[in-house]
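Tertiary structure, described
The lines below spell out each chain.
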Amino acid sequence: MLRLSKLTDYAVVALVRLAQQDEMMTSPALSHATGIPEPTVAKVLKILAADELVISLRGARGGYRLALPLNEISVARVITAVDGPISLTACVDGGECDARTLCGLCGQWDAVNDAIRGALSRITLADMQTRGQAARGPGAACVAHDISAAGPAVAV
């Protein structure tokens, strides 16, 4: 199964929520607005700030805001910021593989990985926000996220 990490899911939720604010938003306020535990929100925001997806400001009027509009942030960029390069297998893009001499598929996963990376690069967070609103309908609540502690991504 191919699955995004919970931290990546939370990062997308946080970015979309920040886009709905005109002002800076604190980590506790973002936690309250999203239902994601505050320590996890703080961790996600630190990661997103390091990748220049959010801007942080310290002080009494401090908090976080988007560094870019949602239509300029791809799902692939968020995944890469949080989890590192998109790579389905260890041997993708010339990476090391313990079974290289035995499996016979060296380099064959590159096309699959490129297709997935390309698809994720074409979907922006603005697309995600629009599709989410359309699926729920006006004024409807979103299905709650599993807000347990963020764990590792499940590999293929």
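The coordinates are above.
Summary of the structure given here. Counting restarts for each chain: residues are numbered from 1 in the order of the written sequence. Per-residue local features of the predicted model are confined to residues with pLDDT of at least 70, and side-chain atom pairs are confined, for both listing and counting, to 80 or more; whole-chain, interface and lining totals are unaffected and use all residues. Excluded from the side-chain calculation are hydrogens and water; included are all heavy atoms of the structure.

Think of each axis as a best-fit line through the C-alpha atoms, taken over the contacting stretch in the case of a helix, with angles from 0 to 180 degrees between the N-to-C directions. Helix numbering and strand numbering both begin at the N terminus, where a helix is a DSSP run of H or I of at least 4 residues and a strand a DSSP run of E of at least 2. Two numbers describe how helix H4 (residues 75-83) lies on helix H6 (residues 109-122): the axes approach to 5 Å, and their chain directions differ by 110°. One finds that H4 runs roughly perpendicular with respect to H6. Contact residues: Val75, Ala76 and Ile79 in H4; Arg117, Leu120 and Ser121 in H6. Geometric relationships in this document are graded by angle, where less than 35 degrees denotes roughly parallel, more than 145 denotes roughly antiparallel, 65 to 115 denotes roughly perpendicular, and other angles denote oblique. Two residues form a contact once any of their heavy atoms are found within 4.5 Å.

Across the interface, helix H2 (residues 27-34) lies against helix H3 (residues 38-50) with an axial gap of 9 Å and an inter-helix angle of 115°. In terms of crossing hand, the pair formed by H2 and H3 is right-handed. Contacts from Ser27, Pro28, Leu30, Ser31 and Thr34 of H2 reach H3 at Glu38, Val41, Ala42 and Leu45. Three classes are used, and their members are as follows: Ala, Val, Leu, Ile, Met, Phe, Trp, Tyr, Cys and Pro are nonpolar, Asp, Glu, Lys and Arg are charged, and the others, Gly among them, are polar. When its residues are assigned to classes, the contact of H2 with H3 shows five nonpolar, three polar and one charged. A clockwise turn of the near helix away from the far one marks a right-handed crossing, whereas an anticlockwise turn of less than a right angle marks a left-handed crossing.

On to a nonpolar patch on the surface, then. A cluster of nonpolar side chains, contributed by Leu105, Trp109 and Val112, occupies part of the molecular surface with about 240 Å² of accessible area. Tracing the chain through its elements places Val112 in helix H6. Buried means the residue's accessible area, taken with a 1.4 Å probe over protein chains only, is under 20% of the maximum for its type, while exposed means over 50%, and partly exposed covers the values in between. Val112 sits in the partly exposed class, given a relative accessible area of 36%. Patches here are clusters of residues that have more than 30% relative accessible area and form no salt bridge, with a 9 Å joining cutoff for like charges and a 5 Å cutoff for nonpolar side chains (Val, Leu, Ile, Met, Phe, Trp, Tyr). Using the Shrake-Rupley algorithm and a 1.4 Å probe, accessible areas are obtained, with residue cover drawn only from the displayed protein chains. The term salt bridge refers to a side-chain nitrogen of Lys or Arg lying within 4 Å of a carboxyl oxygen of Asp or Glu.

Now for the pattern of salt bridges. Tallying each qualifying case throughout the model produces two salt bridges. For Asp51, the salt bridge goes to Arg77, with nearest N and O atoms at 3.4 Å. One end of the pair, Asp51, is in the loop between H3 and strand E1 (54-57); the other, Arg77, is in helix H4, and 26 residues separate them in sequence. Across the salt bridge formed by Arg117 and Asp114, the nearest N and O atoms sit 3.3 Å from each other. On the criterion of helical spacing, the pair formed by Arg117 and Asp114 is a turn pair, its members being three residues apart in helix H6. Taking the relative accessible area as the measure of exposure, Asp114 reaches 40% and is therefore partly exposed.

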